Amino acid sequence: MSYITKPKVHHPSLKRNAIGLTRRDYEGSLTTLCAGCGHDSITAAIIQAFWELDVEPHKVAKMSGIGCSSKTPAYFLREAHGFNSVHGRMPSVATGAAAANREMMMIGISGDGDSLSIGLGQLCHAMRRNPNLLYVLENNGVYGLTKGQFSASADPGSTSKRGEPNTMASIDSVLLALNLGATFVARSFSGDKEQLVPILKAGLAHKGFAFVDVISPCVTFNDHVGSTKSYAYTRKHQIEVVHADMIIPRDEITAQYAAGEVHRVQLHDDSWIMLRKVEDDYDPTDRDRAYAHIRAHQRVGEVPTGLLYVGTDLADMHEQMGTIPEALTDLPFEDLCPGDAALQKLQERFR
Ligand SMILES: Cc1ncc(C[n+]2csc(CCOP(=O)(O)OP(=O)(O)O)c2C)c(N)n1
Ligand code: SF4
């Protein structure tokens, strides 16, 4: 992974958050992605979300696989922990890290190739296990790093830069997530920071697997006429089904909703997501209806965005497995490794 240090010059009047940090304290190295790549806008939204949540950077673990998208954790939170796994294997590495340390805030960044091709099996099981992880899929419909082959999220009939049509059916990640029981499912657009930042904040506060697919145009290989993942196509066909706002308990509640129904969902850290229905018949707490609604819009070429589904009733991985509350690194060695006699006893149970 290329790493170019950013000059660390802070203007003294930069705004600070509740723990005294500026946005610049949440940055990473200088990006090496193509100018205009959607992934860089997502990085900016991630920086904003962590800054607004007053998260201490060293209490975050950022995980990724391989791809231009998977390089992006280098560009935010330089003081966080990180692991750049092999292609498509981030979900299992992140699940293991989340299992070992529940005090760490976990964010996983992946691409549509990383998640929906080589890593599809891994992603499916992470969704089922419900680990405490914000999973961001930077979706550009191509394998950017290997020069623009169609990925599994490319829509049938969409064309490559050279004009060849994609003949295969696509895998839609949010429909997959709804199907597999993910407890937080959203779609956004890298060019819509206003929508993306509150969704990322809500995803970080969600207890369980928060899946956020972000349409993120690849300006070099998939931003032409004929692509359904270009800036122009997404701007024209994006429809927001529900508007989400994240309310942190210590903040004064300033959200005002003149029109439309407002629905409040409380998250485990006592923050709230305020959901304002933009479309009358949309219910983000009804999994089956959300699925049907998204499908109906997709059939007419529209890209529904916003917080598509949120459920707080399903137990997260720690509750399901009955794990201890402490991080494993805090356990005394004799508890972590109780010795040969304990191991023999355990093996006896399986004979
Ligand atoms: C095991 C393995 N197979 C194939 C590759 C080649 N490879 C590198 S990145 C990539 C796809 C990246 O696409 P995506 O995840 O969509 O990320 P993007 O670059 O578009 O952000 C592939 C196939 C690899 N690095 N490792
Ligand atoms: S090739 Fe595409 S995905 Fe990769 S950095 Fe360039 S614009 Fe972004």
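The rules behind the values
- Residues numbered from 1 in each chain as written.
- Chains lettered and ligands numbered in written order.
- Predicted model: local features only at pLDDT ≥ 70, side-chain atom pairs only at ≥ 80, totals over all residues.
- Heavy atoms only, no water.
- Near = heavy atom within 4 Å.
- Nonpolar A, V, L, I, M, F, W, Y, C, P; charged D, E, K, R; others polar.
- Phe/Tyr/Trp six-rings, centres within 6.5 Å; stacked < 30°, edge-to-face > 60°.
- Helix = DSSP H or I, 4+ residues; strand = E, 2+ residues; numbered from the N terminus.
- Lys NZ or Arg CZ within 6 Å of the ring centre and 35° of its normal.
- Salt bridge = Lys/Arg side-chain N within 4 Å of Asp/Glu carboxyl O.
- Buried < 20%, exposed > 50% of the residue type's maximum accessible area, 1.4 Å probe, protein only.

A.B. asks: Pulling in residues and values, what's your account of the site of ligand 2?
C.D. replies: Residues in contact with ligand 2, as listed here, are Leu-33, Cys-34, Cys-37, His-39, Cys-68, Asn-140, Gly-144, Cys-218, Val-219, Thr-220 and Phe-221. For the shell around ligand 2, the class distribution of residues is 7 nonpolar, 4 polar and no charged.

A.B. asks: Describe the packing of aromatic side chains, with residues and values.
C.D. replies: Enumeration over the complete set of coordinates arrives at 4 aromatic pairs. Relative to Phe-209, the ring of Tyr-135 has its centre 5.6 Å away and its plane inclined at 40°; by these criteria the two rings are tilted. One end of the pair, Tyr-135, is in strand S4 (residues 133-139); the other, Phe-209, is in strand S8 (residues 209-215), with 74 residues separating them in the sequence. Plain terms: the ring middles of Phe-209 and Phe-211 are 6.4 Å apart, the flat faces sit at 10° to each other, and that makes the pair stacked. Among the aromatic residues, ring-to-ring pairing joins Tyr-135, Phe-209 and Phe-211 into one connected group. Of note, Arg-23 hangs over the ring of Trp-51, and the distance from its end group to the ring centre comes to 4.1 Å. Above the ring of Phe-76, the side-chain terminus of Lys-62 is found at 5.5 Å from the ring centroid.

A.B. asks: So what's going on with the pattern of salt bridges? Which residues, and what values?
C.D. replies: Scanning the entire structure with this criterion turns up 8 salt bridges. In this structure, Glu-52 and Lys-201 form a salt bridge, with 2.7 Å as the shortest nitrogen-oxygen distance. With a gap of 149 residues between them, Glu-52 in helix H1 (residues 38-52) and Lys-201 in helix H7 (residues 193-205) connect regions that are remote in the sequence. The class of Lys-201 is buried, set by a relative accessible area of 8%. Each member of the salt-bridge network shares a partner with another, and the members are Asp-172, Arg-187 and Asp-213.

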